[in-house]
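# A structural walkthrough
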Amino acid sequence: MRLPFTKMHGAGNDFVVLDATRAPLDLTEAQLRHLGDRHFGVGADQILLVERTATPGVDFRYRIFNGGSGEEVEQCGNGSRCFVRYVVDKGLTDKSTIRVETLNSLLELRLQNDGRVTVDMGAPVFEPARVPFDPSGLEPRVVADSPLWPLDVNGERVEIAAVSMGNPHAVQVVTDVDTAPVATQGPAIESHPRFPRRVNAGFLQVVDRRHVRLRVYERGAGETLACGTGACAAVVAGIRRGLLDAVVDVETRGGRLTIEWQGGDAPVLMTGPAVTVYEGAIEL
Ligand SMILES: N[C@H](CCC[C@H](N)C(=O)O)C(=O)O
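Residues numbered from 1 in each chain as written. Predicted model: local features only at pLDDT ≥ 70, side-chain atom pairs only at ≥ 80, totals over all residues. Heavy atoms only, no water.

### Quick notes on the site of the ligand
For the ligand, the set of nearby residues contains 15 residues, the closest of which are Gly77, Glu218, Arg219, Gly228 and Thr229. Contacts to the ligand include Asn78, whose backbone N or O atom sits 3.0 Å from an oxygen atom. When the ligand is considered free in solution it has 360 Å² of accessible area, and contact with the protein chains removes 100% of it. Those elements that provide at least two residues to the shell around the ligand are helix H2 (77–89) and helix H4 (228–240). (Near = heavy atom within 4 Å. Polar contact = N/O pair within 3.5 Å; in protein donor to acceptor, adjacent residues only side chain to side chain. Areas by Shrake-Rupley, 256 points an atom, 1.4 Å probe, with all protein chains shown as cover. Helix = DSSP H or I, 4+ residues; strand = E, 2+ residues; numbered from the N terminus.)

Shown next as structure tokens:
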């Protein structure tokens, strides 16, 4: 099968975007992993499938698959911005505010005049069972509004905040992201038994109350240059610990995202770039 695709990135987190609005696309996990493979396929952190939906008041559905594992996941922040850029540039909609459903969320996205995209990512979730995270037998250290859970990682004690942005995140504060043990602790946290659906592992460095640096070892993809939901989870965790103000610039290795959260049940707003790199086709 000849499969046309669009290669995109949001702050360096890269995607293969597929149009399934005209005809359904049913790819196997092996085919999805092939698309994500940087040597034998196209290469991408995630594969995004754009579909129509019959849900009233919703414009599209988009499905997200991790490029390393081929598994379908609930949410992708950088991917949602590229989704908007894609449907507007492809003429699939004439709206500039678009409502899209994912596996477990409904997002509202707005294309700004400067080409950046703002996404209402919904409210964060902290209840362990809904992350999901198993805290049984653990005593958290509570800092301001935030329980910090002691996790045994490679024989070291790591303190994490467990947050869901629709997908699971474990966020720890580090003094310097450049020297943080992302390569060793990342995979150990990703597959930690206390996260039954595995987890995205965030390493957050607080520069000041409005600026942070972040690296994320992503579930099913490894370390990416940026992680949108990871940036949301990290800023929310920092605000709950009393370390950050409500609007924070997040410097990632691939670019800058701006995250806003007013606390409580307020939605997390994420603004950042969405870039089309090239159009291509691959024989699957
Ligand atoms: N690896 C993530 C999905 C992609 C999230 C990330 N690329 C983003 O921008 O939010 C997970 O398994 O939950």
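Still more ground to cover, so stick around.
### Details of the environment of Ala11
Here Ala11 shows up in the loop between strand E1 (2–10) and strand E2 (13–19). Residues Ala11 and Val248, spaced 237 residues apart in sequence, show a C-alpha to C-alpha distance of 16 Å.

### Comments concerning the pattern of salt bridges
The final tally for this structure, using the stated rule, is 27 salt bridges. Here Arg197 and Glu74 are joined by a salt bridge, their closest N and O atoms 3.1 Å apart. On the criterion of sequence distance, the pair formed by Arg197 in the loop between helix H3 (182–190) and strand E13 (200–208) and Glu74 in the loop between strand E5 (72–73) and H2 is long-range, its members being 123 residues apart. By relative accessible area, which is 45% here, Arg197 ends up partly exposed. Where Arg130 meets Glu127, a salt bridge forms, and the shortest distance between an N and an O atom there is 3.8 Å. Overall, the relative accessible area of 45% leaves Glu127 in the partly exposed class. Each of Asp176, Asp178, Arg213, Glu251 and Arg253 takes part in one network of salt bridges that share partners. (Salt bridge = Lys/Arg side-chain N within 4 Å of Asp/Glu carboxyl O. Buried < 20%, exposed > 50% of the residue type's maximum accessible area, 1.4 Å probe, protein only.)

### Observations regarding the UniProt feature "binding site: substrate" (unreviewed entry) in the protein
What UniProt calls "binding site: substrate" (unreviewed entry) maps, in this numbering, to Asn13, Gln46, Asn66, Gly77, Asn78, Asn167, Asn200, Glu218, Arg219, Gly228 and Thr229. By secondary structure assignment, the location of Asn66 is in strand E4 (residues 60–66). A relative accessible area of 3% places Asn66 in the buried class. When near neighbours in sequence (up to four residues on either side) are disregarded, Asn66 contacts Asp45, Gln46, Glu71, Val73, Arg219 and Gly220. Judged by relative accessible area, which is 4%, Asn200 ranks as buried. Beyond its immediate stretch of four places on either side in the chain, Asn200 contacts Asn167, Pro168, His169, Ala170, Val216, Tyr217, Glu218 and Arg219. (UniProt positions renumbered as here; feature names shortened; annotations may be inferred. Contact = heavy atoms within 4.5 Å.)

### Details of the environment of Gly254
Within the fold, Gly254 resides in the loop between strand E16 (247–252) and strand E17 (255–260). The exposure class assigned to Gly254 is partly exposed, which follows from its relative accessible area of 28%. When the C-alpha atoms of Gly254 and Ala161 are compared, they prove to be 24 Å apart, with 93 residues separating the residues in sequence. Residues within four places of Gly254 in sequence aside, it is in contact with Ala11, Gly12 and Leu225.

### Remarks on the domain arrangement of the protein
Here the protein is described as being made up of domain 1 (2–122 + 273–283) and domain 2 (128–266). Taking the mean C-alpha position of each, domain 1 and domain 2 sit 24 Å from one another. In this complex, domain 1 contributes 24 residues to the contact, which on the side of domain 2 involves 23 residues. Viewed at the interface, domain 2 and domain 1 are joined by 3 salt bridges. Of the charged contacts, one joins Glu74 and Arg219 as a salt bridge, the two residues approaching to 2.7 Å between their closest N and O atoms. Broken down by element, the residue count for the side of domain 1 that touches domain 2 peaks at 3 residues, all from H2. In the side of domain 1 that touches domain 2, the residues fall into 5 nonpolar, 14 polar and 5 charged. (Domains from an automatic or database assignment. Nonpolar A, V, L, I, M, F, W, Y, C, P; charged D, E, K, R; others polar.)

### Here's the deal with the packing of aromatic side chains
All told, the structure shown has 6 aromatic pairs when counted by the stated rule. Residues Tyr62 and Phe83 carry aromatic rings whose centres are separated by 5.2 Å and whose planes lie at 20 degrees to one another, so their mutual orientation is stacked. Placement of Tyr62 in strand E4 and of Phe83 in helix H2 is noted, with a sequence separation of 21 residues between them. Residue classification places Phe83 among the buried positions, given a relative accessible area of 1%. Three or more aromatic residues joined by ring pairs make a cluster, and in this case those are Phe60, Tyr62 and Phe83. The positively charged end of Arg240 is found above the aromatic ring belonging to Phe126, 3.6 Å away from the centroid. (Phe/Tyr/Trp six-rings, centres within 6.5 Å; stacked < 30°, edge-to-face > 60°. Lys NZ or Arg CZ within 6 Å of the ring centre and 35° of its normal.)

### Digging into a nonpolar patch on the surface
A surface patch of nonpolar side chains, amounting to about 240 Å² of accessible area, comprises Val275, Val277 and Tyr278. Mapped onto the elements of the fold, Tyr278 is located in strand E19 (residues 275–283). (Patch = residues over 30% accessible without salt bridge, like charges linked within 9 Å, V, L, I, M, F, W, Y side chains within 5 Å.)

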